[in-house]
Amino acid sequence: MAKLSTEELLGQFKDLTLLELSEFVKAFEEEFGVTAAAPVAVAAAPGAPGAAAEEAAEQDEFDVVLEAAGDKKIQVIKEVRALTSLGLKEAKDLVEGAPKAILEKVDKAAAEKAKEALEGAGATVTLK
């Protein structure tokens, strides 16, 4: 069998459907006793060891903590209800019991959006 170059192999993979490619990956993993995730992690590490350490240390889950409701407590309660889908009483109790976590283990974009909404309503918010 003739040896294929990397470009030729990629050309062959482009012709496969996702289902065929998934089956190939499973067969490859079984044949060689590896997982598809391992080569990606190994390939990322040699490039920049300092960058890899920073990336691993970077937080990817945040808690949105309501520190204080401020002057516009009703607006803050409305925002809490919109963010959490709590009932009126539960949202009111949460706002009055500040400091409390509004959202837990959300991604950075969702945490920033929630923080903006709550601060826009007059609340004091921190991300942890």
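What you see as residue numbers is a count from 1 along each chain, following the sequence as written. Whole-chain, interface and lining totals are the exception, using all residues; otherwise, since this is a predicted model, local features are given only for residues with pLDDT of at least 70 and side-chain atom pairs are given and counted only at 80 or more. To get the side-chain values, all heavy atoms of the structure are used, and hydrogens and water are removed first.

Draft legend 1. Representation of unusual backbone geometry. Even without a glycine there, the phi angle at Lys105 is positive, about 55°. Numbering of helices and strands runs from the N terminus, with a helix taken as a DSSP run of H or I at least four residues long and a strand as a DSSP run of E at least two residues long. Tracing the backbone shows Lys105 in strand S2 (residues 100-106). Here Lys105 falls in the exposed class, since its relative accessible area comes to 63%. Categorising residues by exposure relies on relative accessible area from a 1.4 Å probe, with only protein chains included: less than 20% of the type maximum marks a residue as buried, more than 50% marks it as exposed, and the intermediate range marks it as partly exposed.

Draft legend 2. Structural view of a nonpolar patch on the surface. Candidate patch residues must exceed 30% relative accessible area and have no salt bridge, after which like charges are joined if within 9 Å and Val, Leu, Ile, Met, Phe, Trp or Tyr side chains if within 5 Å. Every accessible area reported is derived by Shrake-Rupley at a probe size of 1.4 Å, with residue values counting cover from the shown protein chains alone. The term salt bridge refers to a pairing of a side-chain nitrogen on Lys or Arg with a carboxyl oxygen on Asp or Glu at a separation within 4 Å. A cluster of nonpolar residues, Leu16, Phe24, Val25, Phe28, Phe32 and Val34, forms a patch on the protein surface that exposes about 490 Å² of accessible area. Inspection of the secondary structure puts Phe24 in helix H2 (residues 18-32). On the basis of relative accessible area, Phe24 is assigned to the partly exposed category, the value being 35%.

Draft legend 3. Looking closely at the nonpolar core. Ranked by internal contacts, the top residues of the largest apolar core, which has 19 residues, are Val64, Leu66, Val76, Val80, Val95, Ile102 and Leu118. For this core, the secondary-structure elements that each account for two or more residues are strand S1 (62-68), helix H5 (73-84), helix H6 (88-96), S2 and helix H7 (108-120). Residue contacts follow a heavy-atom distance rule, with two residues in contact if any of their heavy atoms lie within 4.5 Å. Residue contacts for Leu66: discarding those within four places in its chain leaves Val76, Leu94, Val95, Ala98, Pro99, Lys100, Ile102, Ala123, Thr124 and Val125. Think of a nonpolar core as a cluster: buried Ala, Val, Leu, Ile, Met, Phe, Trp, Tyr and Cys residues, connected wherever their side-chain atoms sit within 4.5 Å.

Draft legend 4. Here's a closer look at the sheet that holds S2. Spatial strand order, S2-S1-S3: 3 strands in an open sheet with antiparallel pairing. A single partner strand is all that each edge strand has here, and the edge strands are S2 and strand S3 (124-127). Going across the sheet, the axis of each strand differs from the next one's by a mean of 20°, ignoring polarity. Note on pairing: DSSP must find at least two bridges between two strands before they are called paired. Where S1 lies against S3, 4 bridges are found, and the strand directions are antiparallel. Looking across to S3, one finds that Val64 is bridged to Leu127. As a rule, the C-alpha atoms of each element are fitted with a line to give its axis, helices using only the stretch in contact, and angles between N-to-C directions run from 0 to 180 degrees.

Draft legend 5. Just the packing of aromatic side chains, in detail. Centres within 6.5 Å make a pair out of two Phe, Tyr or Trp rings, where for Trp the six-membered ring is used; the pair is then stacked when the planes are under 30 degrees apart, edge-to-face when over 60, and tilted otherwise. If you walk through the whole model with that rule in mind, you get 3 aromatic pairs. A ring pair is formed by Phe13 and Phe24, whose centres lie 5.1 Å apart and whose planes are at 50°; its orientation type is tilted. With Phe13 in helix H1 (residues 6-14) and Phe24 in helix H2, this pair connects stretches of sequence that are 11 residues apart. The exposure class of Phe13 is partly exposed, given its relative accessible area of 28%. Centre to centre, the rings of Phe28 and Phe32 are 4.8 Å apart; their planes meet at 50°, and the pair counts as tilted.

Draft legend 6. Inspection of the pairing of S1 at higher detail. Where S1 and S2 come together, 4 bridges link them in antiparallel fashion. Pairing of Val65 across the sheet is with Ala101, part of S2.

Draft legend 7. Local environment of the environment of Val65. Position of Val65 among the secondary structure elements: in strand S1. You can call Val65 buried: its relative accessible area is 10%. C-alpha separation for the pair Val65 and Ile102, spaced 37 residues apart in sequence, amounts to 5.6 Å. Those residues within four positions of Val65 in sequence are excluded, and the remaining contacts are Lys100, Ala101, Ile102, Thr124, Val125, Thr126 and Lys128.

Any link to function would need more than the numbers given here.
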